[in-house]
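What the coordinates show
Chain by chain, the residues:
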There are 2 protein chains.
Amino acid sequence: MSIARHYEAISKAIDANTKVYIDRLREAVAIQSVSAEPEHRQDVVKMLEWAKKKLESLGATAECVPLGTQKLPNGKIIKLPPALFANLGADPNKKTLLVYGHLDVQPAKKEDGWHTEPFELHEKNGKLYGRGSTDDKGPILGWINAIETFQHCKINIPVNIKFCLEGMEESGSLGLEEALRERKDTWLADVDFTCISDNYWLGTKKPCITYGLRGVSYFSIEVIGCKQDVHSGTFGGSVYEPLADVMWMLSQLTDLDGTIRIDGLYDLVSKVTVEERKLYESIDFDEEEYRMTIGAKQLNRHSKSELLMNMWRYPSLSIHGVEGAFDGQGAKTIIPAKCTGKFSIRLVPNMDGETVEKLVLGYLDKLWEQRGSPNQYRAYQNHTGRYWLTDFKHPHYQCGARAIKRVFGVDPDYTREGCSIPITLTFEELTGNNVMLLPIGAGDDMAHSQNEKMNVRNYIMGAKLLAAYLLELSSM
Amino acid sequence: MSIARHYEAISKAIDANTKVYIDRLREAVAIQSVSAEPEHRQDVVKMLEWAKKKLESLGATAECVPLGTQKLPNGKIIKLPPALFANLGADPNKKTLLVYGHLDVQPAKKEDGWHTEPFELHEKNGKLYGRGSTDDKGPILGWINAIETFQHCKINIPVNIKFCLEGMEESGSLGLEEALRERKDTWLADVDFTCISDNYWLGTKKPCITYGLRGVSYFSIEVIGCKQDVHSGTFGGSVYEPLADVMWMLSQLTDLDGTIRIDGLYDLVSKVTVEERKLYESIDFDEEEYRMTIGAKQLNRHSKSELLMNMWRYPSLSIHGVEGAFDGQGAKTIIPAKCTGKFSIRLVPNMDGETVEKLVLGYLDKLWEQRGSPNQYRAYQNHTGRYWLTDFKHPHYQCGARAIKRVFGVDPDYTREGCSIPITLTFEELTGNNVMLLPIGAGDDMAHSQNEKMNVRNYIMGAKLLAAYLLELSSM
C-alpha cells in the first residue's frame, strides 16, 4: 500500500527531527503574541510574520491581510493584527483543504502561578511547558512539521492546502469573519473540506475527533428600585429591594441538579437514539479523574453516559453573576438601586436561538408577574450563537479516523465539546463543505491556565497524525 | 425669666454675625479632610488643628491625641489622624456636657455630578453647598458660633463643656473607641450628659430630637464548588454550581414585602404600645415626598406609621451582593468556583446580637439541608453592632425640647434613625449617662451624596438652638 509506505518514511523522518521541531516551538512560544494586551500587539504581528516566512519557505504564497481597527475599552483605537492567508499548491486536479489556526495566546505572567517563565519553552518529564504550546502554536507547527517532512521525503501531498491563521482568536476573532465573508466566492470558493486543530482530547491517552459544539444564548434580568443606591440602615424596611427580586428570579431558573425549568425548552432538544447512546458508553472517559481534576465534591450526573450527554448534547443553564450589587470583599451596607442578573443557556440540536429567546423571555415575564414586585423590570437576550453538529460518518471524518488508527493503533472516540468555537460554523457556512475538529493536545494541557503544556508525544505524534490525514485525503 | 432674656441677646448677636459664620464654614469646607483618601490624610490633620485653634481662641484647653496607625488595603501603614479632646470650663459647681462631632468628610469630586466645586462653599437660594457643610463641619461650627456669642454677650455658660472631635468617622472611627475607653475613669469620669449633632431632621421643616438607632448584624453565606472558576460551556451540566446555591439561599430569606422568614426573629422584637403608636401618627412626615426623593415606584408600607415603624422599630433584611461571581458589564461565561452571598439584618429592641446570630445561622443551616447541595458550605456572622434606645422623657431631652420650642416655636418630633451611629453607644456606656442626638441639618441635605448642602437657616438657627440648649442645661 502506497499510503502505508509513505507514512512509514514520514514517521521515521519526523522522529529523526524531534529536536528541530521542539526548537521551532521554542521560537514560537518566545514571541509574546498576547492579543488581549495592546502593548503586545506588535508581538502578535511579529508572530504572524514569523509564520508567513515559515509557510513561504515551504513554497506557499502567503499574504498578511489587514483587518481594520479595534476600539479599546479606554476609547483608544488601535490596528488589528492582520490575518495570514496562504496557499500551498494550486493543482486543479487536487481537492483543496483549508487549515485554520490561531497564533495569538492568552495572557500569562510567572507570578500568576507558573512554575517556569511562560514565554520560555521548558521541557520536563516529556512535557513542553509554555504559553501557546498547545493553544494553538503547537498544532499549527504540527502542520508545518508534517508538510516539511513530505517535501524532505519527496512525497507528493495529495491536496492543495490553504491556511487561514489569525492573531485575535483569544480576543473574539475581531475582523476575521468579515474578511472571510468577502472571500466567500473567491479564495474560499474551491475549499472542499476544512480541518481545525484547536481543541483537545477528552482525556490524556486516547485520540478523538470532534463533531459537535454547543451554542449559547446569554440573558440579562434588570431590576430598578430607587434612583440611586441607598443605605440599608436608613432606608431598609421602606423599599422593595431590586436585588431581592433578581435573586428570586435567578433562583427559579433551575432545579438543584441543573434541570432547567423554562417551559418547553426540553421539547426543542433532539431525542437520544439507541445508536447515539451507545457512542457515549464506549468513550474513554474517567468520571472520577474528571471530578478530581476540577476539584468538585460530587458531579451532577452519576453515569459516564449521562454526564457526557449533559455536557455535550443537553442544554445547561449557568448563572454568572449580578452587575450593580456589592461585589467586593468585606461588608458594605448598601441597597443597590439597579441590579442586572446574568445567565446563559448552552444550545444543542435542535434548539434554535429565536425560539429559545421567546421561551426564556416568556418564562421570565411569567416569573416576574408571579413575583408581583412594583419595581421596574426588563429582561433581554444579550447575544446568541448557534450549536454545531456534523455527521462523523462523512468520508472526510473517515480520513481522520483512518489516520488515527494508523498512527495510534486505535479507533478514535467521537466527541463533542460543550463550548462554542464560532469559526467552525463560519467555515461550514462559507464553504458549504464538511468541517472536522481534529485535536492534537491532551485533555490536561491546561490551555488558558497556568503551566500550559503540550506533551512531546502529542506534539510529535500530532505531526504524524496530520501527515497521515493528508495522505488519506487522496481518497477524497 | 433669665433664660429668655439671655436667649434674646444671643439670638440677636448670632443674626448680626451671619456673614462671619458663613465665612467660617467656607474656611472649614475648603480643607479637603477626606479620611478615606490617604493622600488627604494631612488635610484631615490640618482640619483638626484648625478646630483646635478655634477652640483655644474660645479659652479651651485642647489636645490632639495620637491614635496610632492604620493598615491600608495595599499593605502600607500610615498614621491615623489624631483625636481632638478639649475642655472649656472646669467649674466644680457646674455639670459637664460632652459634645461629639467629626471633622473628616466623604470623598467628593466635581465630575461625580456636583454642580459646583465640592470644596468651595457656594451660597445659592439660601443654601450653602459644599462637602462637609452638613456632615459634620456645619454642626461643629454651630457649637463654636454659639459659645463665641455667649462670650461676646458676656453671658455665663451654665455647664463645663468637653469636646471630642475626630477625623476618621467616615472611615470607621479607627482608634477612637480605644482612646475613649482609656479615659473612662479620667477625662470622661465627670461627664453628665452627651450631645451629638451628626444626624438630620426627618423632613425639611420641623426640628426633631433622636432617641433611637437600629443596630446591625452582617452575614455571609459561602459556597464552594470547584477548585477554580470554570468555563460554563465546557463544564456546564457536569457540576453543581455554587452560585445557584447562593442565589437560592438568599432568595429564601424574605418575602416580597421584606418580611423576614428567619424562625423566631420577630419574637425578639418588643411589642408596639398604644402610646408608642401615637408617637408615629403625630410625626411630621410626608410619605409621598419621601417616595419621590428616593425615586421608588412604590413604598413597602402603606401608612405613615407603618412605614416609620418599618424603618425604625422593626428589623429589616437587605441582600447586598455576591463576592466571587461575575460583576462586570457585558457577558462573561464563567461558573464561579467560590461565591459569598452577603446580607445584613437591622437590629431593634430587644434583639440581642448573640440570639440573632444563633437564629440566623440555624435558619441558614436548615435551608442548606433543604437545598441538599453537595457543595462546600459555610455561613458566618461578619460583625454585629447593638441597637440604641433611650428615654426621651429624660430631663436632658427636655432641655433639648424646650430649646427647640424657644427657637422654632414648636415642640420637636421624637424620631429614631434606621441606621447605626456606634459612638452613641460608646458614650452611653463609658459615661453611664444620657446621650441625646440633636440634629441641625435638614432631611434633604444629601450627606454623603453629590451637592451636599446646609440651609443658611438651619446653620444660623442651629447655632441659636445649641445656645438655647446650653441655657436650658442650667436646670440640670
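This structure is a prediction, so every number in the text was calculated from the model and none was measured.

Here the focus is the side chain of A:N145. Residue and element names in this part refer to chain A. Turning to its location among the elements, N145 is positioned in helix α4 (residues 137-152). One polar contact links N145 to Y459, side chain to side chain, over a distance of 3.3 Å. In this structure, N145 is in contact with Y21, R24, Y459 and A463, ignoring residues within four places of it in sequence.

This next bit is on the domain arrangement of chain A. Residue and element names in this part refer to chain A. When cut into domains, chain A gives domain 1 (3-213 + 387-474) and domain 2 (215-269 + 314-385). For domain 1 and domain 2, the distance between their C-alpha centres works out to 38 Å. Between domain 1 and domain 2, the contact holds 7 residues from the first and 9 residues from the second. Together domain 1 and domain 2 conceal approximately 530 Å² of surface at their shared face, both sides included; 55% is due to carbon and sulfur atoms. When the area that domain 1 buries against domain 2 is broken down by residue, the three leading residues are Y387, G418 and S420, summing to 76%. Seen at the junction of domain 1 and domain 2, the total is 0 salt bridges. For the side of domain 1 that touches domain 2, a count of residues per class yields 4 nonpolar, 2 polar and 1 charged.

Residue and element names in this part refer to chain B. Inspection of the secondary structure assignment puts E287 in helix α9 (residues 287-294). On the accessibility criterion, E287 (25% relative accessible area) is partly exposed. Through-space distance from the C-alpha of E287 to that of K304 is 6.3 Å; in sequence the pair is 17 residues apart. Other than its neighbours up to four places away in sequence, E287 contacts L299, H302, S303, K304 and L307.

What follows is about the sheet that holds strand β11 (residues 215-224) of chain B. All names here are of chain B. Judged by pairing direction, the sheet is antiparallel, and its 4 strands sit side by side in the order β13-β15-β11-β16 without closing on themselves. The open sheet has two free edges, formed respectively by β13 (317-323) and β16 (376-385), since each of these has just one partner strand. For this sheet, the mean angle separating the axes of adjacent strands, direction not counted, is 20 degrees. Pairing between β11 and β16: 9 bridges, direction antiparallel. If you follow Y218 over to β16, its bridge partner there is H383. Relative to the sheet, helix α7 (residues 242-251) contacts β11, β13, β15 (338-347) and β16, its axis offset from that of β11 by approximately 150 degrees.

Moving on: the nonpolar core. Counting 115 residues, the largest nonpolar core has A:L97, A:L180 and A:Y469 as the members making the most contacts within it. Apart from residues lying up to four places away in sequence, A:L97 is in contact with A:W143, A:V159, A:N160, A:I161, A:K162, A:F193, A:T194, A:C195, A:Y469, A:L470 and A:L473. Of all hydrophobic cores here, the second largest spans 97 residues; its members include B:L25, B:L48, B:V407 and B:L465.

The rules behind the values
Residues numbered from 1 in each chain as written. Chains lettered and ligands numbered in written order. Predicted model: local features only at pLDDT ≥ 70, side-chain atom pairs only at ≥ 80, totals over all residues. Heavy atoms only, no water. Helix = DSSP H or I, 4+ residues; strand = E, 2+ residues; numbered from the N terminus. Polar contact = N/O pair within 3.5 Å; in protein donor to acceptor, adjacent residues only side chain to side chain. Contact = heavy atoms within 4.5 Å. Domains from an automatic or database assignment. Buried area = accessible area lost by both parts, 1.4 Å probe. Salt bridge = Lys/Arg side-chain N within 4 Å of Asp/Glu carboxyl O. Nonpolar A, V, L, I, M, F, W, Y, C, P; charged D, E, K, R; others polar. Buried < 20%, exposed > 50% of the residue type's maximum accessible area, 1.4 Å probe, protein only. Pairing = 2+ DSSP bridges. Axes fitted to C-alpha atoms, helices over the stretch in contact; angles between N-to-C directions. Core = buried A, V, L, I, M, F, W, Y, C linked by side-chain atoms within 4.5 Å.

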